[in-house]
Amino acid sequence: MIWLNLKKLERLLIQNKITESISYQYLLVFLVMLTLASSFSETDDFSHYGWEVSWSY
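The rules behind the values
Residues numbered from 1 in each chain as written. Predicted model: local features only at pLDDT ≥ 70, side-chain atom pairs only at ≥ 80, totals over all residues. Heavy atoms only, no water. Helix = DSSP H or I, 4+ residues; strand = E, 2+ residues; numbered from the N terminus. Buried < 20%, exposed > 50% of the residue type's maximum accessible area, 1.4 Å probe, protein only. Areas by Shrake-Rupley, 256 points an atom, 1.4 Å probe, with all protein chains shown as cover. Patch = residues over 30% accessible without salt bridge, like charges linked within 9 Å, V, L, I, M, F, W, Y side chains within 5 Å. Salt bridge = Lys/Arg side-chain N within 4 Å of Asp/Glu carboxyl O.

1. As for the overall build of the chain
Okay, so step 1: A tally of regular secondary structure across the chain gives two helices and zero strands.
Okay, so step 2: By the burial criterion, 5% of the 57 residues in the chain qualify as buried.
Okay, so step 3: On the chain, roughly 5600 Å² of surface is accessible, and the fraction owed to carbon and sulfur atoms is 64%.

2. Concerning a nonpolar patch on the surface
Okay, so step 1: Judged by side-chain polarity, Tyr24, Leu27, Phe30, Leu31 and Leu34 come together as a nonpolar surface patch covering roughly 520 Å² of accessible area.
Okay, so step 2: With respect to the element layout, Leu34 can be found in helix α2 (residues 20-39).

3. A closer look at the pattern of salt bridges
Okay, so step 1: Counted under the stated rule, the structure contains one salt bridge.
Okay, so step 2: Residue Lys7 pairs with Glu10 through a salt bridge whose shortest N-O separation is 3.9 Å. Taken as a pair, Lys7 and Glu10 lie in helix α1 (residues 6-14) at a separation of three residues, close to a single helical turn.
Okay, so step 3: Among the residues examined, Lys7 registers a relative accessible area of 62% and is labelled exposed.

4. Notes on unusual backbone geometry
Across residues other than glycine, the phi torsion is negative in most instances, and most of the peptide bonds are trans.
Okay, so step 1: Within the chain, Asn16 stands out as a residue other than glycine whose phi angle is a positive 60°.
Okay, so step 2: Residue placement: Asn16 occurs in the loop between α1 and α2.
Okay, so step 3: Under the relative-accessibility criterion, Asn16 is labelled exposed at 68%.

Structure representation (structure tokens):
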């Protein structure tokens, strides 16, 4: 997979050399990341992340 080499990815896109297997790999990784991101619960209480230092009571 071309993760950090965006110039190579850009060149392959221009030359139309992106195969279906490469596309499916990116789709799979995108869906896994989306699933992981949606599994984290949203909270308004950030005190357990070290934000209590910035609170001014």
